[in-house]
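# Survey of secondary and tertiary structure
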Amino acid sequence: MNFRRRLRCRECGYFKDETVGSAVAGGPVDPFFQRPVWLQASCCGHVLWAYNVRHLDLLEAYVAAKLRERGDLVAWAPASLVERLPTWLKTAKNRAEVLRTVERLRLTLPADG
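Conventions used here
Residues numbered from 1 in each chain as written. Predicted model: local features only at pLDDT ≥ 70, side-chain atom pairs only at ≥ 80, totals over all residues. Heavy atoms only, no water. Salt bridge = Lys/Arg side-chain N within 4 Å of Asp/Glu carboxyl O. Helix = DSSP H or I, 4+ residues; strand = E, 2+ residues; numbered from the N terminus. Buried < 20%, exposed > 50% of the residue type's maximum accessible area, 1.4 Å probe, protein only. Phe/Tyr/Trp six-rings, centres within 6.5 Å; stacked < 30°, edge-to-face > 60°.

### Re the pattern of salt bridges
- Inspection of every chain in the model, using the stated rule, returns 5 salt bridges.
- Among the salt bridges present, the one from Asp 17 reaches Arg 4, with a minimum N-O distance of 3.9 Å. Pair noted here: Asp 17 is in strand 2 (residues 15-20) and Arg 4 is in strand 1 (residues 3-8), with a separation of 13 residues, a long-range link.
- With relative accessibility at 31%, the residue Asp 17 sits in the partly exposed group.
- Two residues, Arg 106 and Glu 60, come together in a salt bridge whose shortest N-O distance is 2.8 Å. Remark: Glu 60 occurs in helix 1 (residues 53-64) and Arg 106 occurs in helix 4 (residues 95-107); sequence separation between them is 46 residues.
- For Glu 60, a relative accessible area of 25% gives the class partly exposed.

Shown next, in the form of C-alpha cells:
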C-alpha cells in the first residue's frame, strides 16, 4: 500500500510531496518522512514527544487522569495506544513534570493551532 503525504512548514511555506510505501511509528520522528518531530522536550530524563496537537491532548488527558480505567480514553484513540506508553510517562511521581512539559510544548505551537 502506498501513502501520499505532504510535509509542510506553515512558517516558511516549504512543502514536499512524497508517496511512501510504509510508515514507521513509535519515536520522535515523523513516521513517513523520518524527520524529527517539532513537539519534543526533555522530561524526567527522557524525551517527551508528540506528533501533533491531538497526540499532545491524548498524552495530557492520560497523565492528568487520577483514575485510569480500561477502555478508550478519547474516541479516536484505542486503549492499546496508551498501554504502549513508556512506564516513566505513566508513573504518578512524574505526573507534575510531564504536565508542565506538555504545557511548554503547547507554547511552541502556532497561535492558529
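There is more to say, and it comes next.
### Some points on the packing of aromatic side chains
- Throughout the structure, instances matching the rule amount to 1 aromatic pair.
- With a centroid separation of 4.8 Å and an interplanar angle of 65 degrees, the aromatic rings of Trp 49 and Tyr 51 are classed as edge-to-face.
- Taking the relative accessible area as the measure of exposure, Trp 49 reaches 18% and is therefore buried.
- Judged by its relative accessible area of 31%, Tyr 51 is partly exposed.

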